[in-house]
Amino acid sequence: MNILGISAFYHDSAAALVRDGEIIAAAQEERFTRIKHDERFPENAVRYCLEEAGIKPSELDAVVFYEKPLLKFERLLETYLAYAPRGLFSFFRAMPQWLQQKLHLPREIDKGLGGDYSGPIYFTTHHEAHAASAFFPSPFDDAAIITLDGVGEWTTSSWGVGRGNRVELRAEIRFPHSLGLLYSAFTYYCGFRVNSGEYKLMGLAPYGEPRFADLIREHLIDVREDGSFRLDLRYFNYCQGLTMTNKRFDRLLGGPPRKTDGPLTQRDMDLAASIQLVTEQVMLKMAEHVHRETGMENLCLAGGVALNCVGNGRLLRESSFKHLWIQPAAGDAGGALGAALWCWYQQMDQPRKPNPADGQKGSYLGPEFTARESQRQLDASGAVYESFSSEDELADAVADELASGKVVGHFAGRAEFGPRALGHRSILGDPRRRDMQTRMNVAIKFRESFRPFAPSVMDGRQSEYFDLDAESPYMLIVAPVRDERRRRLTPAEEALSGVEKLKAQRSGLPAVTHVDYSARVQTLSQERSPRFHRILRAFEQKTGCPVLVNTSFNIRGEPIVHTPADAYRSFMFTDMDVLVVENCLLRKGAQPAMAGAAEYKQQFKAD
Ligand SMILES: [Fe+2]
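These lines cover the structure that appears in this document, whether it is placed above or below.

About the cut-offs
One numbering rule holds for all chains: residues counted from 1, following each sequence as written. The predicted nature of this model means local features are confined to residues of pLDDT at least 70 and side-chain atom pairs, given and counted, to a pLDDT of 80 or more, with totals for whole chains, interfaces and linings taken over all residues. The basis for every side-chain value is the complete set of non-hydrogen atoms in the structure, without hydrogens or water. Coordination here is defined by N, O and S atoms within 2.8 Å of the metal (3.2 Å for Na, K and Ca), and since water is not considered, a site can look incomplete. Just to be clear on the cut-offs, tetrahedral is four donors with all angles between 85 and 135 degrees, square planar is four donors and octahedral six with opposite donors over 155 degrees apart and all others between 65 and 115, and anything else goes down as irregular. For helices the rule is a DSSP run of H or I covering at least 4 residues; for strands it is a run of E covering at least 2, with both sets numbered from the N terminus onward. Think of it in three bands: with a 1.4 Å probe and only protein chains considered, a residue is buried below 20% of the maximum accessible area for its type, exposed above 50%, and partly exposed in between. Relevant arc is that of directions from the helix axis to the C-beta atoms, nothing else. Two residues form a contact once any of their heavy atoms are found within 4.5 Å. Whether a set of points on the 1 Å grid over the protein atoms alone is a cavity depends on a 1.4 Å probe fitting there but being unable to get out, while an open set qualifies as a pocket with protein on both sides within 12 Å along at least five of seven lines; lining residues are those with an atom within 4 Å of a point. Grid points are joined across faces, edges and corners, and a volume is the space filled by probe spheres set on the points. Throughout, the ten residues Ala, Val, Leu, Ile, Met, Phe, Trp, Tyr, Cys and Pro are labelled nonpolar, Asp, Glu, Lys and Arg are labelled charged, and all others, Gly among them, are labelled polar.

### Quick notes on the coordination of the iron ion
Working step 1: Taken together, the protein donors to the iron ion comprise His126 (NE2), His130 (NE2), Asp149 (OD) and Asp332 (OD), at separations of 2.1 to 2.3 Å.
Working step 2: One can describe the site at the iron ion as irregular: its 4 donor atoms subtend angles covering 89 to 177° at the metal.
Working step 3: For the iron ion, the donor residues sit on a single chain with the sequence spacing H-x3-H-x18-D-x182-D. One end of the pair, histidine 126, is in helix α6 (residues 126-135); the other, aspartate 149, is in the loop between β6 (142-148) and β7 (155-163), and 23 residues separate them in sequence. Of the two residues, histidine 126 and aspartate 149, neither departs from the other in class, the shared state being buried.

Here's what the structure looks like:
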């Protein structure tokens, strides 16, 4: 039985195909269209999922949409009426898309499937989809579930229980009280883009002191012992306006919002540290409450806030739950997957046997290109490459380049589903080199030098470097670098503040050690990705270091590369030294000149 899940028309539209409970394919539309956070009907992602399953739309048994549009529309109307006449402008701005598309989803889905589907269309609620995406692919027979989000229909956050083939949500927090929207309000206030710059805020937090945390707790959010909360809406504008915060918020925090691309001050860093701390405290309180209520050992997470890997790390270390599983596509793209799984288990009542290996298949659920197709695209781009027939020899050659300090773009196998690159669409480097972080940020990704990079470490060896015993296959857990791996700072280095802190080397792996001695770890097992693992192993054999820098293969504001041709262009227009596309290895010096670098860099907006 083939079930297609769809998320669309908000942000990060995506499609997923589940066959008899097994995830066959999942992909986000932005990768195909090259428009970041593309929210249109995911026609390319749907086409890809059907191709991967080898079926036509008419052979689908069910199509499931990840939220209930009428409920969401009701929320929009009620919010508007509560604030009228304020909010009229934003209300009018939202209306055309509602009237043309969102209120006519069966028609839109029919159109998107080329009129070739006449089976049932189901709708889950937004948080049912998140909860299903968190529990069903997890290795657990039963688990508590927490969804933490901006907003769905009315729900902004919920908790419940997953048991066997059922997910049951027991309590919720409703709009406009939202942890995700509070975090986004600070993202906006600090000059970053809402729904995409939240990562920057989290990366900035370790540079600051949480000196605004008390102010936030006194005035903006009232957190109760059980982790539930209310926001004081007099400080926010998202119910009635086109901005997140208002003048009263500015007065409380002592100034207007930072201008995008303006200088980053210590105050911005302190704001980031403060909202990050408050968010972690809410996450911990909520988890403790849910643990008390359920008495369960396992916790599953999804929803946009579950991408807050620093908070996740604290849940793993400090909460009473023993095991944690987080949906790697925790944002709305993952709703497509959750919706399809919900339909199979919950709607059709099919038995579920958790997959102890990995029901999410390493999240390598997206498109892949054959060696032949890759070479065709490279040839068409005029690329010069060496092709390898032995995987071991290729891995050995790549490891040599990495060990000599080269930056390597690695494009191989199926694309990752979710915002993190896990080695198949990644840029790799040697984490022991001091200049690696700045070089990768400034010359390759064209982004701010303050943002840290993440390590991929061989599974089983993470605890040699980090305070982390559990596996972290999806790079969703931040863990401290082990004490004995830390380098003591000189008094002069201790005195550095703001981004100057980057100048002090903090461990033997400087490129992946953040200024607070933390790292966002991916543990890599051979089972999940034999190819990437082979490279890591070859690097370890040459250097003794089982860790690589792993950052997503894209430049600032660009969706992760999708085709071999995208990868080649990105390679040519950045300072990357080496590119691997499937079984081909390309060196920068051997390539013919390519025009269009400036246009390429300009087409993507900053987050
Ligand atoms: Fe969501």
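### Describing unusual backbone geometry
Working step 1: Cis rather than trans, the peptide bond between phenylalanine 175 and proline 176 has omega equal to 5°.
Working step 2: Tracing the backbone shows proline 176 in the loop between β8 (166-174) and α7 (179-189).
Working step 3: With a phi angle near 55°, aspartate 349 is a residue other than glycine that sits in the positive phi range.
Working step 4: Examined against the element boundaries, aspartate 349 turns out to sit in the loop between α13 (333-347) and α14 (371-380).

### Looking at helix α9 (residues 213-220)
Working step 1: For α9, the set of buried residues is Ala213, Ile216 and Leu220. Seen end-on, α9 carries its buried residues on one side only, within an arc spanning 80°.
Working step 2: For α9, the secondary structure elements touched by its buried residues are α7, β9 (221-223), β10 (229-231), α10 (247-253) and α11 (266-294).

### Regarding empty space enclosed by the protein
Working step 1: For the coordinates displayed, the defined rule picks out 4 cavities of 30 Å³ or more.
Working step 2: Estimates place the volume of the largest cavity at around 70 Å³.
Working step 3: Taken together, Glu391, Leu394, Ala395, Val398, His410, Ala412, Arg531, Arg534, Ile535, Val580 and Glu582 make up the lining of the largest cavity.
Working step 4: In terms of residue count, the dominant contributor to the lining of the largest cavity is helix α15 (residues 391-403) (4 residues).
Working step 5: For the lining of the largest cavity, the per-class residue count stands at 6 nonpolar, 1 polar and 4 charged.
Working step 6: By volume, the second largest cavity amounts to about 50 Å³.
Working step 7: Lining of the second largest cavity is provided by Ala8, Phe9, Phe65, Glu67, Pro69, Lys72, Trp98, Lys102 and Leu105.
Working step 8: Taken together, the residues that form the lining of the second largest cavity break down as 6 nonpolar, no polar and 3 charged.

In short, the description is geometric, and any link to function would need to be established separately.
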